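Residues per chain are reported as follows:
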Amino acid sequence: MFSDLTGQRQGTLLGPPAPQGPVFERVRPSYVNCSERFKLGERTFSRQYAHIYATRLEEMRPTLTQRAQQTWGVNVQVKKLFEIEMGEQCCIVGTIFKHMELQPSILREISEEHNLLPQPPRAKYISQSDELILEDELQRIKLEGNIDTQKFVTGKEVFLSLWHLVGLGSVIAVFGAEKNDGKFMVEGYCTADLPPQPPRKALDTDRFVLLASGLGLGGTSADSLLGLQLLVDMVTGQLGDEGEQSGASLISRVLLAGNLLSQRTQGKDSVNKAKYLTKKTQAGSVEAIRILDEILVQLVASVPVDLMPGEYDPTNYTLPQQPLHRCMFPLSTAYPTLQLVSNPFQAEIDGIRFLGTAGQNVKDICRYSSQDDHLDILENTLRLRHLAPTAPDTLGCYPFYQSDPFILQECPDIYFCGNAPSYQSKHITGADGQEVLLVAIPEFCTTQTACLVNLRNLDCQPISFSAFSGEDQEESEMNVSH
């Protein structure tokens, strides 16, 4: 682990100055940006969003048909909705749609017939009256669990796990039969599961990638700026003794996963005020970007940095978010070590495949399902083979026409999401031997925590920068722990 490599060396801080100090050469990894499929060329918003659902279903149908045959036997009948007959057991591949009464609807809010007041924002939009619907290219059908007395527990549990696992927009295969009332009785289901994973490159030395997100620049907390500067000093070798500096030289790359700016920079006060009151007012994001540039220039002078945009950053709102413009960083863009990348982001660092987002996809699934654990959601999206199953219904995305770039064709080695409420990580394995490290990168401005991933063995550990604390009134101290 990183903490084992950065132990204090005896006498390096309190000893007399040496005529020439040691020089620690930073490791230089190989790097390939694999995010081309997330780059938008011609931007046309005149298309209907139905095309992306049709494309998603068409691309995933062969995989799910094969998975259904592995689950329920090679003789299982895989049919389309218009082909099913009442009472006949069969398998259907389709897209899940969840009918939710609490889902926000602008049409409902402005309807003169209802004359309703706008509803306050909710943490979750699920209720007991929600219904699951499976649809394919031509038809849709409601899904129900088995309510037979002897199969009540098994059938109901299968249905409830299906209800909690998948989000609207997920493509799955369900097994069962149509009832007399036209509803489909679910006896089982399967997802596409983990995609194929190419062999991972073996490394014989420790090399680390530092992951951080949610810097929240432009906010009100001074502690976050102090912790951020400690992070920069640690990475650049300006913090600690020779042991810390030798450990810092093993950090081969830094990845900042979105929400670089605070939500407070998104204030709409200037829109509601008269123009003469805001004529000389500077947007909060301008100063925040200037601070970000000053922080980045310290980092990129020492280590390569990938900079992802997030929900509150000045780029397009819909996924995939395009890289931040270079003109906003006049100081740091002079260095070739700064890479402005998209969200989602995919790359190979020393042969290790990274894939992740700034967290919008995970937070949206939290709002429209009963799931709260970010690692569980990451695992479920990986097993669904889709980065953002709720897009475009409840999560904004570009209206793709011929392909869905969010479908996972290869299994990453490290799969992450940014701006999580706390640090989490775990390893999962697939049926074909895939091994994936899942990482929920905490929001730095609230947790003062980043995380380090060892590319040699895919171990991950948090590294915290605690500022002055009020817990001890007599003696406050600053602490860097990893």
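All figures in this text were calculated on a predicted structure; none of them were measured in a lab.

(A) A look at the nonpolar core. One finds L210, V235, L256, L292, V305 and L307 to be the most contacted residues of the largest nonpolar core, which totals 37 residues. When contributions to this core are tallied by element, the ones reaching two or more residues are β8 (208–212), α5 (222–235), β9 (251–257), α9 (284–300), β10 (305–308), β11 (338–340), β17 (449–454) and β18 (460–466). The element that contributes the greatest number of residues to this core is α9, accounting for 7 residues. If we skip the residues at most four places from it in the chain, V235 touches R26, L210, A248, I251, V254, L299, S302 and V303.

(B) A look at the environment of C366. Secondary-structure assignment places C366 in helix α10 (residues 360–367). Taking C-alpha positions, C366 is 8.5 Å from A123, a pair spaced 243 residues apart along the chain. Apart from residues lying up to four places away in sequence, C366 is in contact with K124, Q371, D372, H374 and I377.

(C) The arrangement of the packing of aromatic side chains in detail. A full pass over the atoms with the stated rule returns 7 aromatic pairs. Geometrically, the ring pair formed by W72 and F175 is stacked, given 5.3 Å between the ring centres and 20° between the ring planes. With W72 in helix α2 (residues 50–72) and F175 in strand β6 (residues 171–178), the pair connects residues that are 103 residues apart, well separated along the chain. A residue is classified by how much of its surface remains accessible, and W72, at 24% relative accessible area, is partly exposed. What makes F175 buried here is its relative accessible area of 14%. Here Y398 and F400 contribute two aromatic rings whose centre-to-centre distance is 5.1 Å and whose plane-to-plane angle is 70°, an arrangement assigned as edge-to-face. The same class applies to Y398 as to F400, namely buried.

(D) Spatial organisation of the pattern of salt bridges. Evaluation of the coordinates by the stated rule reveals 20 salt bridges. A salt bridge links R456 to D206, with the shortest nitrogen-to-oxygen separation between them at 2.7 Å. Of this pair, R456 sits in the loop between β17 and β18 while D206 sits in the loop between β7 (184–190) and β8, and the two are 250 residues apart along the sequence. Residue class for R456 comes out partly exposed when judged on its relative accessible area of 35%. A single salt-bridge network, built from bridges that share partners, covers D193, D376, E379, R383 and K426.

(E) Expanded view of the pairing of β8. Most of β8 sits out of view: 5 of its 5 residues are buried. Alternating residues of β8 divide into F208, L210 and A212 and V209 and L211, and every residue in both groups is buried. As defined by bridge partners, β8 adjoins β9 across 5 bridges and the pair is classed as parallel. Looking across to β9, one finds that V209 is bridged to R253. As paired strands, β8 and β17 are joined by 4 bridges and run antiparallel to one another. Each bridged residue has a counterpart across the sheet, and for L210 the counterpart in β17 is L452.

(F) Spatial organisation of the side chain of D306. By the element assignment, D306 lies in strand β10. A polar atom in the side chain of D306 sits 2.9 Å from the side chain of Y31. Contacts of D306, omitting those with residues within four sequence positions, involve Y31, R253, V254, L255, L256, Q339, V341 and F345.

(G) Layout of the pairing of strand β5 (residues 140–145). Judged from the 3 bridges that link them, strand β4 (residues 131–135) and β5 form a sheet pairing that is antiparallel. Across the sheet, L134 pairs through a bridge with I141, a residue of β5. Counting the residues between successive antiparallel strands, the hairpin from β4 to β5 contains 4 residues. As defined by bridge partners, β5 adjoins β7 across 3 bridges and the pair is classed as parallel. Residue pairing in the sheet places G145 in a bridge with V186 of β7.

(H) Layout of the sheet that holds strand β14 (residues 414–420). As summarised here, the arrangement of the 6 strands in space is β1-β12-β13-β14-β16-β15, forming an open sheet in which the pairing is mixed. With partners counted over all chains shown, the strands left at the sheet margins are β1 (31–33) and β15 (424–429), one partner each. Here the average twist between neighbouring strands, direction ignored, is 20°. Where β14 and strand β16 (residues 435–442) come together, 5 bridges link them in parallel fashion. From the neighbouring strand, F416 faces β16, where its bridge partner is V439.

About the thresholds
Residues numbered from 1 in each chain as written. Predicted model: local features only at pLDDT ≥ 70, side-chain atom pairs only at ≥ 80, totals over all residues. Heavy atoms only, no water. Core = buried A, V, L, I, M, F, W, Y, C linked by side-chain atoms within 4.5 Å. Buried < 20%, exposed > 50% of the residue type's maximum accessible area, 1.4 Å probe, protein only. Helix = DSSP H or I, 4+ residues; strand = E, 2+ residues; numbered from the N terminus. Contact = heavy atoms within 4.5 Å. Phe/Tyr/Trp six-rings, centres within 6.5 Å; stacked < 30°, edge-to-face > 60°. Salt bridge = Lys/Arg side-chain N within 4 Å of Asp/Glu carboxyl O. Pairing = 2+ DSSP bridges. Polar contact = N/O pair within 3.5 Å; in protein donor to acceptor, adjacent residues only side chain to side chain. Axes fitted to C-alpha atoms, helices over the stretch in contact; angles between N-to-C directions.

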